[in-house]
Amino acid sequence: MSQSLRIQLVTPAPVRSLHGNRVTAVRWARLLRELGHRVDVTNEWNGNECDLLVALHARRSARSVAEFSGRFPDKSLIVVLTGTDLYRDLPGSLAARESLELATRLVMLQSDGMRYLSTDCRGKTRVIIQSARKPKRQIPTLKRTMEVSVVAHLRSVKDPFRAALASRRLPACSRIRIIQVGRAMSENMQLRAEREAAHNPRYRWLGELPRWQTQQRLQRSQLLVVSSRMEGAPNVASEALAAGVPMLSSQISGMQGLLGSDYPGYFPVGDTGRLAEMMLQAEQDQGFYRRLKQACQRLRHLVCPAREKRLWRQLLQEIC
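Here is what the cut-offs are and how they apply
- Residues numbered from 1 in each chain as written.
- Predicted model: local features only at pLDDT ≥ 70, side-chain atom pairs only at ≥ 80, totals over all residues.
- Heavy atoms only, no water.
- Helix = DSSP H or I, 4+ residues; strand = E, 2+ residues; numbered from the N terminus.
- Rg over C-alpha atoms; globule rule 2.2 N^0.38 Å.
- Buried < 20%, exposed > 50% of the residue type's maximum accessible area, 1.4 Å probe, protein only.
- Contact = heavy atoms within 4.5 Å.
- Areas by Shrake-Rupley, 256 points an atom, 1.4 Å probe, with all protein chains shown as cover.
- Polar contact = N/O pair within 3.5 Å; in protein donor to acceptor, adjacent residues only side chain to side chain.
- Phe/Tyr/Trp six-rings, centres within 6.5 Å; stacked < 30°, edge-to-face > 60°.
- Pairing = 2+ DSSP bridges.

Asker: Describe the overall build of the protein, naming the residues involved and giving the relevant values.
Answerer: In terms of regular secondary structure, the protein is built from 13 helices and 12 strands. Taking 2.2 N^0.38 as the reference for a compact globule, 320 residues should give roughly 20 Å; the C-alpha atoms of the protein span a radius of gyration of 20 Å, in line with that estimate. Dimensions of the protein, computed from the C-alpha atoms along their principal axes, are close to 65 × 40 × 35 Å. With 320 residues in all, the protein has 56% of them scored as buried. Within the protein, contacts between residues separated by at least 24 positions form 72% of all contacts whose residues are at least 6 apart in sequence. Per element, the accessible surface of the protein, about 14800 Å² overall, is 46% carbon and sulfur.

Here it is, written out as structure tokens:
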């Protein structure tokens, strides 16, 4: 595309936060600039004229979407559907549904969410899986322990202590240790994490870390657990695929849309016993662990940065 566009990218996530939507917005801004466009990242549409508005979150960015569409009805508008849009807000939020109607195109971060949309919306939806860069150097894993990472802010929807609870059920011979990275989003969550760390010798909570440290922790892990009750398509899953770290995941739509329905590492939501069994199987059964690794390796191409850039280029060519 030879034309340079003025793009405003709206995300409700606070500036300099490590929330998933902010991480996504910053990466997309860099990608779109590499494609030759001028990009501003804001929390709300600031009223300035631009060629294209890209809004993350149909409900929380609904005012920006409505005001931009009302003032510039002939200009292009992309609404990016998050997990909370698809699995919580759309059925009960008129504002979220209106954002979908006003959008020129919808972007979804994984394919399974299509079945939650109307036929009309599906026709203007494009799936763009979030990319992650392959680590420049390999960080060796520990030999005496099997580190299992949980990378998510501590809030109820993430079911953040499921892996810690499962680790309590492991036999004494197990080498598994749970390393949790993420900010406690409430005082109760912080107290629970501190209490768990004090009483569970297999569990360690590191709190919120800089992004590069979080990535290093993930890269040296031998397993990632995604235990969410509801999830869109978390950045950490893309980063795990890029780094070659296999996953155990709760069997939810957002993860099935990324990993596929036949991925061998799913456990039922909230099932502590089944997660404990699968962690132990990953530790002791080399064949099972190899199947997890191979399944993730087959999916690695989906998170290639060049692929994400190509899909964004195609989308902009469609509407501009």
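Asker: Lay out the environment of Thr84 in plain terms, naming residues and giving numbers.
Answerer: Mapped onto the elements of the fold, Thr84 is located in helix α3 (residues 83-89). C-alpha separation for the pair Thr84 and Arg59, spaced 25 residues apart in sequence, amounts to 9.0 Å. Not counting residues within four places of it along the chain, the set of residues in contact with Thr84 comprises His57, Asp89 and Met230. A distance of 3.1 Å separates the side chain of Thr84 from the side chain of Thr82, its partner in a polar contact.

Asker: So what's going on with the packing of aromatic side chains? Which residues, and what values?
Answerer: Using the criterion set out here, one finds six aromatic pairs in the structure. Summarising the aromatic geometry, the rings of Tyr87 and Tyr116 are spaced 5.0 Å apart at their centres and angled 85° between planes, so their arrangement reads as edge-to-face. With Tyr87 in helix α3 and Tyr116 in the loop between β5 (105-108) and α5 (119-123), this pair connects stretches of sequence that are 29 residues apart. Note on Tyr116: relative accessible area 37%, which makes it partly exposed. Relative to Tyr266, the ring of Tyr263 has its centre 5.6 Å away and its plane inclined at 70°; by these criteria the two rings are edge-to-face. Judged by its relative accessible area of 5%, Tyr263 falls in the buried class. With a relative accessible area of 9%, Tyr266 lands in the buried category.

Asker: Outline the sheet that holds strand β8 (residues 176-181), listing residues and values.
Answerer: The strand order β9-β8-β7-β10-β11-β12 describes an open sheet built from six strands, whose pairing is parallel. Of all strands in the sheet, those with a lone pairing partner are β9 (203-205) and β12 (266-267), marking the two edges. Taken together, the six bridges between strand β7 (residues 146-151) and β8 define a ladder with parallel strand orientation. Note that in β8 the partner of Val150 across the bridge is Gln180.

On their own, these measurements won't tell you what the molecule is for.
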